[in-house]
Amino acid sequence: MTVVTTIPQMRALTRAWRQAGETIALVPTMGALHAGHLALVEAASRECDRVVVSIFVNPTQFGPNEDFTRYPRDLDGDLRALTGLGVDAVLAPSADGMYGPAFQTSVELAHLPKHLCGLTRTNHFGGVALVVAKLFNIVQPDAAVFGMKDYQQVRVIEQMVADLDQDVRIVRHPTLREPDGLAMSSRNRYLSPADRAVAPTLYATLRAIAEAVAGGANDAARLVSEGRARLETAGFVPDYLAVCDPDTLDDVVTVAGPVLVAVAARLGATRLIDNLVAVPGVAPGPAHPAH
Ligand code: PAF
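Read on for an overview of the structure. Just so it is clear, the structure is predicted and the values come from calculations on it, not from any experiment.

## With respect to the sheet that holds strand E7 (residues 237-244)
Strand order across the open sheet formed by three strands is E7-E8-E9, with antiparallel pairing between neighbours. Where the open sheet ends on each side, the last strands, each with one partner, are E7 and strand E9 (270-278). Across the sheet, the axes of successive neighbouring strands diverge by a mean angle of 10°, strand direction being ignored. Of the pairings in the sheet, the one linking E7 to strand E8 (residues 259-267) comprises seven bridges and is antiparallel in character. Note that in E8 the partner of tyrosine 240 across the bridge is alanine 264. Against the sheet, helix H10 (residues 220-234) touches E7 and E8, its axis set at about 155° to E7.

Rendered as structure tokens:
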């Protein structure tokens, strides 16, 4: 596993692989790797001959009052976690290497970022699209693997790839969950023991909505208000709970087909997100699936 910190080093490696006829999969991360990331890496190694993992806490996707400075950083621990997983290269660039002093380009999508997390994190998806576009240009992967906990992020990236004719296949990977159902996240480590005990209610609430949809409930506003009440009773401060179109993320009024049920809520100082797709007439899968 080669650790590269500059863009020219990365390009030299990937150029040699491509010349040898090998395919490349990229797993973009911000580090603080957990089992969910490692599952993405394993999926990547099934997709292509070579696997690159990028580790970069991207400043452009954090708002001024967000957790950029306290976001967990542990490159040595991340490299240990990746050892033995068949990773060929880790790209760990500096912020200066990615964004020089004259940097001035943006990548903006008109509609998808105006929903869900984008309502409060107004610059977030522009920052994500920008850094992912840069990573795609640097690595030129055949495939890139993303976890579905960040559903809106995946939709933004899929749309960007389509709009800009980027030659990369986006692989959706299911959310990995703790045994009690909590979606794995680098931010879970912020939770106090008391908040950690409450946190699984987030997914339980989504599942309750999916069960109601399976049983024929179709009034989205009612599903949302009952879900919000359950979250508030448990101690969450919901940022949003939405029942929306899985492709456009537009709100749905009456559920008549598969819908994305997505949530962001604060527990103490920690903001958690989760989602699932609810389908009329189809009960959600096992209570705590491996993903
Ligand atoms: O999901 C993340 O960790 C980040 O948003 C990503 C895709 C690596 C871009 O910085």
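## Structural notes on unusual backbone geometry
Trans peptide bonds make up the majority, and among non-glycine residues the majority have a negative phi. Positive phi, close to 50°, is recorded for alanine 32, a residue that is not glycine. Along the polypeptide, alanine 32 turns up in the loop between strand E2 (24-29) and helix H2 (35-47). Judged by its relative accessible area of 3%, alanine 32 is buried. Within the chain, glutamine 140 stands out as a residue other than glycine whose phi angle is a positive 50°. Here glutamine 140 shows up in the loop between helix H6 (124-139) and strand E5 (143-147).

## What to know about the sheet that holds strand E1 (residues 2-4)
With parallel pairing, six strands are arranged side by side in an open sheet as E1-E4-E3-E2-E5-E6. Whereas interior strands pair on both sides, the edge strands pair on one side only; in this sheet they are E1 and strand E6 (169-173). Taking the axes of each pair of neighbouring strands and ignoring which way they run, one obtains an average angle of 25° across the sheet. Pairing geometry for strand E3 (residues 50-55) and strand E4 (residues 89-91), over three bridges, is parallel. Bridge pairing in E4 links valine 53 to valine 90. Together, E1, E3 and E4 form the strand contacts of helix H3 (residues 75-82), whose direction differs from that of E3 by roughly 160°.

## Considerations on the pairing of E5
The element E5 is extensively covered by neighbouring structure, given that four of its five residues are classed as buried. Where E2 meets E5, two bridges bridge the pair, whose relative direction is parallel. Each bridged residue has a counterpart across the sheet, and for alanine 25 the counterpart in E5 is alanine 143. Handedness of the crossover is the feature at issue here: the chain leaves E5, passes through helix H7 (residues 151-163), returns alongside E6, and the resulting connection is right-handed.

## Overview of the nonpolar core
If you look at soluble globular proteins, the nonpolar side chains tend to sit buried side by side. Core analysis: the biggest nonpolar cluster contains 47 residues, and Val52, Phe136, Ile157 and Ile170 have the highest contact counts within it. Examining the composition of this core, we find that eleven residues originate from one element, H6, more than from any other. Sequence-distant contacts of valine 52, defined by excluding residues within four places in its chain, comprise Met10, Trp17, Ile24, Ala25, Leu26, Val27, Ala89, Leu91 and Val139. Counting 25 residues, the second-largest nonpolar core is a separate cluster that includes Tyr203, Val255, Ala265 and Leu276.

Criteria and thresholds
Residues numbered from 1 in each chain as written. Predicted model: local features only at pLDDT ≥ 70, side-chain atom pairs only at ≥ 80, totals over all residues. Heavy atoms only, no water. Pairing = 2+ DSSP bridges. Helix = DSSP H or I, 4+ residues; strand = E, 2+ residues; numbered from the N terminus. Axes fitted to C-alpha atoms, helices over the stretch in contact; angles between N-to-C directions. Contact = heavy atoms within 4.5 Å. Buried < 20%, exposed > 50% of the residue type's maximum accessible area, 1.4 Å probe, protein only. Right-handed = clockwise from strand over helix to strand, strands pointing away. Core = buried A, V, L, I, M, F, W, Y, C linked by side-chain atoms within 4.5 Å.

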